[in-house]
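Chain residues, written in single-letter form:
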Protein chains: 2
Amino acid sequence: MTLPAPRLEVYPVELQVEVDEYLARLSFATDSATAGLEEAMRYSLLAGGKRIRPVLALATAEALGRPTADVMPLAAALELVHTYSLIHDDLPAMDDDELRRGRPTCHLAYGEDVAILAGDGLFAEALRLVVERQEGQPEHVLAALGRLVSAAGVEGMVGGQYLDVTATGELDGPALRRLHERKTGRLIGASVECVLLLRGMVEPATLGYDRFAVELGVLFQIVDDILDVTGDEQALGKPHGSDARHGRRTYVSVFGLERARELADESHRKARAALAEADGRTQTLERITDYILTRQR
Amino acid sequence: MTLPAPRLEVYPVELQVEVDEYLARLSFATDSATAGLEEAMRYSLLAGGKRIRPVLALATAEALGRPTADVMPLAAALELVHTYSLIHDDLPAMDDDELRRGRPTCHLAYGEDVAILAGDGLFAEALRLVVERQEGQPEHVLAALGRLVSAAGVEGMVGGQYLDVTATGELDGPALRRLHERKTGRLIGASVECVLLLRGMVEPATLGYDRFAVELGVLFQIVDDILDVTGDEQALGKPHGSDARHGRRTYVSVFGLERARELADESHRKARAALAEADGRTQTLERITDYILTRQR
């Protein structure tokens with residue numbers, strides 16, 4: 001990739017570790033009768049990954065001068081919602097994937113019925129985490145919750161996945177962007193926006209962050225599509241070319257690899273420019289933006 | 001059934017009509033690209049049914065001397081959550097049911113992938129409805145939301161369904177009650193409790209209602225199990241004996257039909273007694289309790 005020579009290996013691992021430790025301590029029921037369900041939920045939740053959504057939330061708290069611990073329940077909830085979507089997307093009736101983060105997918109490990117319920121359970125428990133443990137003024141917690149469920153719903157993630165599984169024929173560039181904006185972009189964006197809402201921030205103070213959040217979602221998806229073609233299977237934890245195998249329209253299939261790389265660079269530049277206009281200590285958000293462009297998995 | 005001769009045909013149809021009208025007007029996305037997903041969601045949501053959960057919520061508002069319209073978003077959300085659970089429970093990997101409310105199940109009508117997403121979407125949109133449209137003090141709306149997601153999560157509905165799909169061998173009476181308490185009872189209970197929380201009520205003012213809510217959930221399930229054996233297929237909208245076909249443990253399979261009927265009567269009596277201790281104009285809640293005991297479908 002060309003342009004501003006983003007630094008490699010700049011990911012804020014210290015925040016990822018905070019998230020991992022918090023997630024590992026979560027439990028969802030007082031009754032051991034559903035221990036098997038909790039095991040399936042934790043199997044997928046604790047399979048690793050960069051925790052980009054919660055790390056973005058913590059980095060946004062940092063940018064606003066707040067301790068990261070202040071937003072941890074909300075940050076963790078974003079990862080629970082993301083994990084629920086992966087479990088359901090991997091199901092035989094959907095993408096029928098066998099590997100995720102280098103391990104058998106949830107339905108292969110625990111059966112399809114338990115996998116459906118593990119996804120359903122993670123979604124409910126994500127919201128419960130926010131309601132029961134997220135501190136903040138009630139109207140601000142409600143506003144953050146609203147953004148989270150909206151990003152997860154028909155106008156967001158679920159709608160995007162519907163567009164993905166039902167798409168037939170060619171998609172042009174704008175249609176592709178709309179699909180991914182809903183499927184992936186809205187939840188990435190919510191990872192930043194929910195924290196602003198939790199702090200009671202409203203426009204115009206949030207405008208720079210809002211533009212950043214939208215563009216970061218686009219950047220994330222373009223790089224994801226590139227890595228599906230060029231990435232290392234072992235590093236990715238899933239087989240190569242699975243997009244093509246599923247006949248999925250990607251930035252690479254629509255624009256070709258070279259143009260997709262240019263689009264990633266453009267998107268990275270826009271995200272950084274938006275961030276430069278946002279008030280606050282945005283250094284960690286900058287590092288995450290660079291990481292998302294240069295990541296190899 | 002014996003005892004206090006509960007009145008037949010006492011169901012508050014006027015509240016059911018209010019709910020149906022509100023549900024029919026709901027839409028979930030501004031973008032027509034996901035019209036097919038919305039259609040599948042509405043197909044299941046608008047398939048009829050007694051709307052017991054939202055009607056309970058409206059009747060609880062009435063008991064507290066509030067207009068029913070005040071709690072309609074919350075009431076509707078309960079039905080969306082219930083419908084989502086039916087769609088997922090009917091999936092081939094779960095109960096593999098073909099008929100629901102007299103029509104092909106969602107996955108037969110729209111495909112398994114769309115049905116999974118329709119369920120996921122209904123859950124997200126239920127919560128969005130409460131956050132965006134339910135009036136009330138923010139801390140009270142949050143408390144009601146907390147009860148709703150807790151009733152839907154691992155300690156509630158999802159956990160109960162897990163116990164149901166994974167149960168092997170015999171269940172004794174208490175284990176059966178625990179299963180149904182989570183699978184069905186918690187959401188029925190939440191239909192009453194969420195409205196109390198929304199009004200900012202706390203113990204001891206809620207104790208009578210709380211006991212009522214728990215017992216009503218039990219009553220509902222016992223009668224459901226009886227109807228699966230004795231009910232009219234056409235009225236039920238699903239084939240007879242589907243519990244036995246699935247090897248499901250029910251109040252009838254564990255206790256026999258006669259004892260199950262006695263248990264239903266006991267449960268009805270306890271629910272009515274709890275209600276008698278609750279402050280407020282509880283006449284409509286009494287009618288619903290009688291209806292649940294005497295219903296034929």
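Given the structure is predicted, the values throughout are model-derived calculations rather than measurements.

1. Points about the overall build of chain A
Thought 1: When its secondary structure is counted, chain A shows 15 helices and 2 strands.
Thought 2: For 297 residues, the compact-globule estimate of 2.2 N^0.38 gives 19 Å, and the C-alpha radius of gyration of chain A, at 18 Å, lies within 12% of that figure.
Thought 3: Here chain A, with 297 residues, has 55% of them falling under the buried criterion.
Thought 4: Intrachain contacts of chain A at a sequence separation of at least 6 include 75% that bridge at least 24 residues.

2. Some words on the interface of chain B and chain A
Thought 1: The interface is formed by 44 residues belonging to chain B together with 44 residues belonging to chain A.
Thought 2: Within the residue set of the side of chain B that touches chain A, elements represented by two or more residues are helix H2 (35-45), helix H6 (112-133), helix H7 (138-152) and helix H8 (157-166) of chain B.
Thought 3: Looking at the side of chain B that touches chain A, the element that brings in the most residues is H6 of chain B, giving 14 residues.
Thought 4: Class assignment of the residues belonging to the side of chain B that touches chain A gives a composition of 25 nonpolar, 10 polar and 9 charged.

3. A look at unusual backbone geometry
Thought 1: Here the amide bond leading from Glu203 of chain B into Pro204 of chain B is cis, since omega sits at 0 degrees, within 30 degrees of zero.
Thought 2: With respect to the helices and strands, Pro204 of chain B occurs in the loop between helix H9 (173-198) and helix H10 (207-230).
Thought 3: Even without glycine at this site, Arg51 of chain A takes up a positive phi of about 60 degrees.
Thought 4: With respect to the helices and strands, the residue Arg51 of chain A is situated in the loop between helix H2 (35-45) and helix H3 (52-63).
Thought 5: If you check the backbone angles, Arg101 of chain A has positive phi at about 50 degrees while not being a glycine.
Thought 6: By C-beta crowding, Arg101 of chain A is classed as partly exposed, having 16 other C-beta atoms within 10 Å.

4. Remarks on the relation of the copies chain B and chain A
Thought 1: In the superposition of chain B on chain A (RMSD 0.0 Å, axial shift 0.0 Å), the rotation amounts to 180 degrees. Taken together, the turn and the small shift mark the pair as related by a two-fold rotation axis. Residues of chain B ranked by C-alpha distance from the rotation axis are headed by Pro138 of chain B, positioned 2.7 Å from it.
Thought 2: Taken as a fraction of all interface residues of chain B, those also at the interface in chain A reach 100%, which identifies the copy contact as same-surface.

5. Side note on the packing of helix H3 (residues 52-63) of chain B against helix H4 (residues 72-90) of chain B
All names here are of chain B.
Thought 1: Packing of H3 against H4 brings their axes to within 7 Å, and their N-to-C directions diverge by 160 degrees. Considering their axes alone, H3 and H4 lie roughly antiparallel with respect to each other. Note on packing geometry: the crossing formed by H3 with H4 is right-handed. Within the contact between the two elements, H3 uses Arg53, Pro54, Ala57 and Leu58 and H4 uses Leu74, Ala75, Ala76, Leu78, Glu79 and His82.
Thought 2: Classifying every residue of the contact of H3 with H4 by side-chain character gives 7 nonpolar, 1 polar and 2 charged.

6. What to know about the nonpolar core
Thought 1: Residues Leu74, Ala77 and Ala118 of chain A together with Leu74, Ala77 and Ala118 of chain B are the most contacted members of the largest nonpolar core, which totals 194 residues.
Thought 2: For Ala118 of chain B, the contacting residues outside a window of four places in its chain are Leu37, Ala40, Met41, Ser44, Ile87, Cys106 and Tyr110 of chain B.

7. Here we look at the packing of H3 of chain A against helix H15 (residues 283-294) of chain A
All names here are of chain A.
Thought 1: Closest axis-to-axis distance for the H3/H15 pair is 8 Å, and the angle between their directions is 150 degrees. When the axis of H3 is compared with that of H15, the two are roughly antiparallel. Along its contact with H3, which presents Val55, Leu56, Ala59, Thr60, Glu62 and Ala63, the element H15 presents Thr284, Leu285 and Ile288.
Thought 2: Along the lines of polarity and charge, the residues of the contact of H3 with H15 split into 6 nonpolar, 2 polar and 1 charged.

8. Things to note about helix H14 (residues 257-277) of chain A
One full turn of an α-helix is made of 3.6 residues, so residues set three or four places apart face in the same direction.
All names here are of chain A.
Thought 1: The end-to-end C-alpha distance of H14, which contains 21 residues, comes to 31 Å, matching closely the 30 Å that a straight helix rising 1.5 Å per residue would cover.
Thought 2: Within the sequence span of H14, burial applies to Ala260, Arg261, Leu263, Ala264, Ser267, His268, Ala271, Arg272, Ala274 and Leu275.
Thought 3: If you follow the buried residues of H14, they end up packed against helix H10 (207-230), helix H13 (251-255) and H15.

9. With respect to the environment of Thr168 of chain B
All names here are of chain B.
Thought 1: Turning to its location among the elements, Thr168 is positioned in the loop between H8 and H9.
Thought 2: Of the residues examined, Thr168 has 6 C-beta atoms within 10 Å and is grouped as exposed.
Thought 3: Separated by 48 residues in sequence, Thr168 and Leu216 have C-alpha atoms that sit 27 Å apart.

10. Comments concerning the environment of Val10 of chain B
Residues and elements named next belong to chain B.
Thought 1: Of note, Val10 is situated in the segment before helix H1 (13-25).
Thought 2: Distance from Val10 to Val229, taken between C-alpha atoms, is 23 Å for residues 219 residues apart in sequence.
Thought 3: Once you skip the residues sitting within four places of it in the chain, Val10 turns out to touch Arg287, Asp290 and Tyr291.

11. Here's the deal with the confidence of the model for chain A
Keep in mind that low pLDDT regions are not for reading the predicted coordinates in detail.
Thought 1: Per-residue confidence for chain A gives a mean pLDDT of 91; residues scoring 70 or more make up 93%.
Thought 2: Here the predicted complex carries an ipTM of 0.93, next to a pTM of 0.94.

Parameters at a glance
- Residues numbered from 1 in each chain as written.
- Chains lettered and ligands numbered in written order.
- Predicted model: local features only at pLDDT ≥ 70, side-chain atom pairs only at ≥ 80, totals over all residues.
- Helix = DSSP H or I, 4+ residues; strand = E, 2+ residues; numbered from the N terminus.
- Rg over C-alpha atoms; globule rule 2.2 N^0.38 Å.
- Buried ≥ 20, exposed ≤ 12 C-beta atoms within 10 Å, placed from the backbone.
- Contact = placed C-beta atoms within 7 Å.
- Nonpolar A, V, L, I, M, F, W, Y, C, P; charged D, E, K, R; others polar.
- Least-squares fit on C-alpha atoms with pLDDT ≥ 70 in both.
- Axes fitted to C-alpha atoms, helices over the stretch in contact; angles between N-to-C directions.
- Parallel < 35°, antiparallel > 145°, perpendicular 65-115°, else oblique.
- Left-handed = near helix turned anticlockwise from the far one by under 90°.
- Core = buried A, V, L, I, M, F, W, Y, C linked by C-beta atoms within 7 Å.
- Expected span 1.5 Å × (residues − 1).
- pLDDT = per-residue confidence, 0-100.

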